[in-house]
Amino acid sequence: MPSTQQKLSWVIVGQGAIGLLTACRLQHASYPVALWLRQPAPLSVTLQASEISTPCYFLPAARPLHQVFIAVKAYAVADCLAQLSPELSANAQLVISHNGMPDLAYLQSVAAFEQGIWFLSTSHAALRTAESVVHTGQGQSILSPLNNAARQAEPAIVAAMTEALGPIQLTTDIRPALWRKLAVNAVINPLTALHNCRNGELATIAFNQQIDRLIAEVCQLAALEHIELERQQTKAHVYQVMHATAKNYSSMQQDRYYQRPLELDAITGFIINTAAKHQLPVPENQALLDALRQTTTL
Ligand SMILES: NC(=O)C1=CN([C@@H]2O[C@H](COP(=O)(O)OP(=O)(O)OC[C@H]3O[C@@H](n4cnc5c(N)ncnc54)[C@H](OP(=O)(O)O)[C@@H]3O)[C@@H](O)[C@H]2O)C=CC1
Ligand SMILES: CC(C)(CO)C(=O)C(=O)O
């Protein structure tokens, strides 16, 4: 573990649930942390985790940006990277984290030669309220360096991400983990959004067959993409996450409830578009997408 003096400073983008969870936990672990907000201003927030409240205070980020953690919705990533690009130092490290399937080739292409680019997929869960960020579900994260400059900075980035969203599993090929997470989000997120319920409420018998069919479609598609996703194991994993986060409202349920755009393109939309390329029918995912689109204003 690096000493306080050696700890890299971090810039966290936005004031969303996962970004602030990361910011607070890094600050608690003595990392210097600042925020990149749409309107630069100091921000006070309380981290609530395991019935302990920790006050945190952040200043706006100073340019150039060195180590940057970007947890925004999948549809906001491209705009965000375009805004940040001129503000980055020549050897910046960028860790990007979102649900849904990222375009890894695109992410690799946005980094300049000496800039490291990473993808992190997390099963931690958090909720942003007016004055706090609540750590609603303990999880773990998969982290992958996407280029050489990232690989060269591995120990320091892994140490920081372990404090923030650990335990960390480091991998050179994140695609199998992304498909596993996609299966979870393709079931829990749209169904909880459509039925306006907590994750745990999907565990009733009423949803069993629909969930089975959704998972079968994702597993068939994964096989066509040369990813092994065994159906029963995937189903067990989806239900395990559902139980572990039973009391949570999913990020998509929250977005629909507060009439924000839904992260559908990178989850159910990705499944439908990829299936079309393989001419694989995915009627259950299509029906879910249609139902959400018909009943959601954004
Ligand atoms: N919440 C959870 O428990 C979990 C979430 N995830 C995933 O993690 C990702 C982030 O989730 P979450 O934290 O809930 O998302 P939020 O939408 O709550 O947070 C994102 C924040 O980033 C801000 N933002 C977006 N673009 C910019 C920009 N260019 N400059 C400055 N700020 C910006 C947004 O501002 P604005 O609102 O103004 O756009 C918002 O404050 C999503 O993909 C989500 O699905 C994964 C696991 C669990
Ligand atoms: C794992 C799950 C479903 C936790 O709620 C999530 O990733 C989300 O809400 O987006």
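Residues numbered from 1 in each chain as written. Chains lettered and ligands numbered in written order. Predicted model: local features only at pLDDT ≥ 70, side-chain atom pairs only at ≥ 80, totals over all residues. Heavy atoms only, no water.

The name an unreviewed UniProt entry assigns to the protein chain is 2-dehydropantoate 2-reductase, from the organism Alishewanella longhuensis. Per UniProt, the protein chain has the following entry under Sequence similarities (unreviewed entry): "Belongs to the ketopantoate reductase family." (UniProt positions renumbered as here; feature names shortened; annotations may be inferred.)

A.B. asks: Can you explain the packing of helix α1 (residues 17-28) against helix α5 (residues 154-165)? Please cite residues and give values.
C.D. replies: At a minimum axis separation of 8 Å, α1 and α5 run at an interaxial angle of 110°. Taken together, the axes of α1 and α5 lie roughly perpendicular to each other. Two secondary-structure elements touch here, α1 through Ile18, Leu21, Thr22, Arg25 and Leu26 and α5 through Ala160, Glu163, Ala164 and Leu165. Counted by class, the contact of α1 with α5 contains six nonpolar, one polar and two charged residues. (Axes fitted to C-alpha atoms, helices over the stretch in contact; angles between N-to-C directions. Helix = DSSP H or I, 4+ residues; strand = E, 2+ residues; numbered from the N terminus. Parallel < 35°, antiparallel > 145°, perpendicular 65-115°, else oblique. Contact = heavy atoms within 4.5 Å. Nonpolar A, V, L, I, M, F, W, Y, C, P; charged D, E, K, R; others polar.)

A.B. asks: I'd like a rundown of the site of ligand 1, residues and numbers included.
C.D. replies: Of all residues adjacent to ligand 1, which total 21 residues, the nearest are Arg38, Gln83, Asn99, Ala126 and Glu263. Note that an oxygen atom of ligand 1 is positioned 2.9 Å from one of the backbone N or O atoms of Ile18. Put simply, the parts of the chain that give the shell around ligand 1 at least two residues each are α1, α2 (77-84) and β8 (125-128). In terms of residue class, the shell around ligand 1 is built from nine nonpolar, nine polar and three charged. (Near = heavy atom within 4 Å. Polar contact = N/O pair within 3.5 Å; in protein donor to acceptor, adjacent residues only side chain to side chain.)

A.B. asks: An account of the sheet that holds strand β1 (residues 10-13) is needed here, citing residue identities and associated values.
C.D. replies: If you walk across this open sheet you meet the 11 strands as β8-β9-β3-β4-β2-β1-β5-β6-β7-β10-β11, and the pairing is mixed. This sheet does not close on itself; its edge strands, each paired only once, are β8 and β11 (168-170). Adjacent strand axes in the sheet meet at a mean angle of 30°, parallel and antiparallel pairs treated alike. Pairing geometry for strand β3 (residues 43-49) and strand β4 (residues 52-60), over seven bridges, is antiparallel. Looking at β4, one finds that Thr46 is bridged to Pro55. (Pairing = 2+ DSSP bridges.)

A.B. asks: Lay out the UniProt feature "domain: Ketopantoate reductase C-terminal" (unreviewed entry) in the protein chain in plain terms, naming residues and giving numbers.
C.D. replies: UniProt marks residues 173-294 with the feature "domain: Ketopantoate reductase C-terminal" (unreviewed entry), using the numbering shown here. As a span, residues 173-294 carries 66% helix and 0% strand, and end to end its C-alpha atoms are 37 Å apart.

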